[in-house]
Amino acid sequence: MSSGPVTLTAEEAAPQGLADGAAGVALLHIERALTGSGQWSEAHTRVRQVAAGPVDAGAHTGLYYGAPAVAFVLHAAATGGHPAYRAAADTLDEHVLRVTRRRLAEAADRMEHGRAAAFDEYDLFRGLAGIGALLLRRAPGSDTLGDVLRYIVRLVQPRHEDGRELPGWWAGHDPDPIRPTPGGHGNLGMAHGAAGLLALLALATSHGCAVEGQKEAIERLLSWFDGWQQDSADGPWWPEWVTREDLRTGRPTQEIPGRPSWCYGALGIGRAQQLAAIATGGSTRRAAAEKTIVAALSARQLHRITDAGLCHGMAGVYQTAYRAAADTADPAISQRLPAVATALTRHAAAATGGQAGLLTGDAGVDLALETTRCTTPPRSGWDACLLIT
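By the naming in an unreviewed UniProt entry, the chain goes by Lanthionine synthetase C family protein and is assigned to Streptosporangium oxazolinicum.

Listed below in structure tokens is the structure:
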């Protein structure tokens, strides 16, 4: 394995994708080997597919691609006690730290010049929130993680543009090419928005990693969710994002709830709020967050989930609910898990022509199914890449 400023061919780069490449598939086989439902020989083969060639350590890499993604996989494999993986992961850590420092410098320059943020800078998949999730596992006491947390604390501060106050993570681009938002948007989801930022700050706080202003940043994000919470007969929900027009009117353009998924739905947001309440000791807010999660797991809500995948499907619902249930003494969430597991199994059996990857493919579905079959949490900690643990 080599890494650094190399130019990779498309064939060399493809395996290093966590979302849809071999890296996500390797996580599945590592977890199976650790639980005894699979063989280490298969896991070794899959890890070699990811890490045998040159590893991309360019500034465009993040948790779901390149050196950080490969480091995440190697760390998961190293939990099985394989020293070769540990040594390889340690080597990659230096490249990840170098990438992180470069990314932080670019973000600071963007802020100094007053430009709007972008997903690539801060989000879970490609940005500093995802790298922060990796550092929380690999280097929790590092100065670099502290710098990432300071960046997010600063990112959460409001900024002003054209006479209007915007959240600091306001993205200057559309959330989706076919859903334009003139003037940018404020994203609320786990994958690209405020819920992911909140979850990382909360998890870091609970692990004893905190910087000046971190608690206040958590409270600011929680207040943002309070301000945009919508109520329905099926429980609270939030828009996927808000636009400049939404800010002007004080109400979302989105008129009905979306799916209660991990990536954008009430379930993912509820888990982020639960983590924040655990981190700050907010018992009232914790109870409210857990009620949100229970409501998102009702039969009528689950019926709105139409596929099996992790991102916006039943696998993500199960894994998020599983982690939420483990963090509460209230049995209400745990009581819903069997029905979610049944729905996940049904969706997985009905899937045809599946993809191989983690985020929307079979690997993520099979990892969640592995969780349903085991009596202990994932041995590899693979779901840390979802910011739910």
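Draft legend 1. Quick look at the packing of helix α2 (residues 22–35) against helix α17 (residues 362–373). The geometry of α2 relative to α17 is characterised by a closest axis approach of 9 Å and an angle of 20° between their N-to-C directions. With respect to their mutual orientation, α2 and α17 come out roughly parallel. In this structure, α2 meets α17 at a crossing whose hand is left-handed. Between α2, through G24, V25, L27, L28, E31, R32 and T35, and α17, the contact on the second element is made entirely by A363, D366, L367 and E370. Tallied by class, residues from the contact of α2 with α17 come to 5 nonpolar, 2 polar and 4 charged.

Draft legend 2. The packing of helix α5 (residues 83–112) against helix α7 (residues 128–138), seen in detail. Axis separation between α5 and α7 bottoms out at 11 Å; the angle between their running directions is 140°. Like other packed secondary-structure pairs, α5 and α7 cross with a definite hand, here left-handed. The residues of α7 that touch α5, namely those facing R86, A89, D90, D93, V96, L97, V99, T100, R103, L104 and A107, are L128, I131, L134, L135 and R138.

Draft legend 3. Region of the structure containing the state of the cysteines. On inspection of all chains with the given rule, the structure shows 0 disulfides. With no disulfide of its own, C263 has C311 as its nearest cysteine by sulfur position, at a separation of 3.9 Å. We classify C311 as buried; its relative accessible area is 11%.

Draft legend 4. Examining the environment of L8 more closely. Within the secondary structure, L8 sits in the loop between β1 (2–4) and α1 (10–13). For L8, a relative accessible area of 16% gives the class buried. For the pair formed by L8 and A52, sequence separation is 44 residues and the distance between their alpha carbons is 13 Å. Not counting residues up to four positions away in its chain, the partners in contact with L8 are A13, Q16, P54, D56 and Y65.

Draft legend 5. Fine view of the packing of aromatic side chains. All chains considered together, the criterion is met by 8 aromatic pairs. Geometrically, the ring pair formed by Y64 and F125 is tilted, given 4.7 Å between the ring centres and 55° between the ring planes. Of the two residues, Y64 is situated in the loop between β2 (54–56) and α4 (67–78) and F125 in the loop between α6 (119–122) and α7; the sequence distance between them amounts to 61 residues. Neither residue differs from the other here; Y64 and F125 are each classed as buried. Chaining the aromatic ring pairs together yields one cluster made of Y64, F125 and W262.

Draft legend 6. Structural context of helix α15 (residues 314–326). Taking 1.5 Å of rise per residue, the 13 residues of α15 would be expected to cover 18 Å, and the 18 Å separating its terminal C-alpha atoms lies within 8% of that figure. The element α15 is extensively covered by neighbouring structure, given that 12 of its 13 residues are classed as buried. All of the buried residues along α15 are M314, A315, G316, V317, Y318, Q319, T320, A321, Y322, R323, A324 and A325. If you follow the buried residues of α15, they end up packed against α12 (266–280), α13 (283–296), α14 (299–302), α16 (332–350) and α17.

Draft legend 7. Structural detail: the nonpolar core. Counting residues in each nonpolar core, the largest one holds 136 residues, and the members touching the most others are L18 and W262. Beyond its immediate sequence surroundings of up to four residues, L18 is in contact with A23, G24, L27, L63, Y64, A69, F72, V73, L358 and C385.

Draft legend 8. Summary view of the pattern of salt bridges. One pass over the full model with this rule turns up 23 salt bridges. Between R110 and E121 there is a salt bridge, with the nearest N and O atoms lying 2.5 Å from each other. Taken together, the positions of R110 in helix α5 and E121 in helix α6 put the pair 11 residues apart, joining distant regions of the chain. The burial state of R110 is the same as that of E121; both residues are buried.

What counts, and at which threshold
- Residues numbered from 1 in each chain as written.
- Predicted model: local features only at pLDDT ≥ 70, side-chain atom pairs only at ≥ 80, totals over all residues.
- Heavy atoms only, no water.
- Axes fitted to C-alpha atoms, helices over the stretch in contact; angles between N-to-C directions.
- Helix = DSSP H or I, 4+ residues; strand = E, 2+ residues; numbered from the N terminus.
- Parallel < 35°, antiparallel > 145°, perpendicular 65-115°, else oblique.
- Left-handed = near helix turned anticlockwise from the far one by under 90°.
- Contact = heavy atoms within 4.5 Å.
- Nonpolar A, V, L, I, M, F, W, Y, C, P; charged D, E, K, R; others polar.
- Disulfide = S-S within 2.5 Å.
- Buried < 20%, exposed > 50% of the residue type's maximum accessible area, 1.4 Å probe, protein only.
- Phe/Tyr/Trp six-rings, centres within 6.5 Å; stacked < 30°, edge-to-face > 60°.
- Expected span 1.5 Å × (residues − 1).
- Core = buried A, V, L, I, M, F, W, Y, C linked by side-chain atoms within 4.5 Å.
- Salt bridge = Lys/Arg side-chain N within 4 Å of Asp/Glu carboxyl O.

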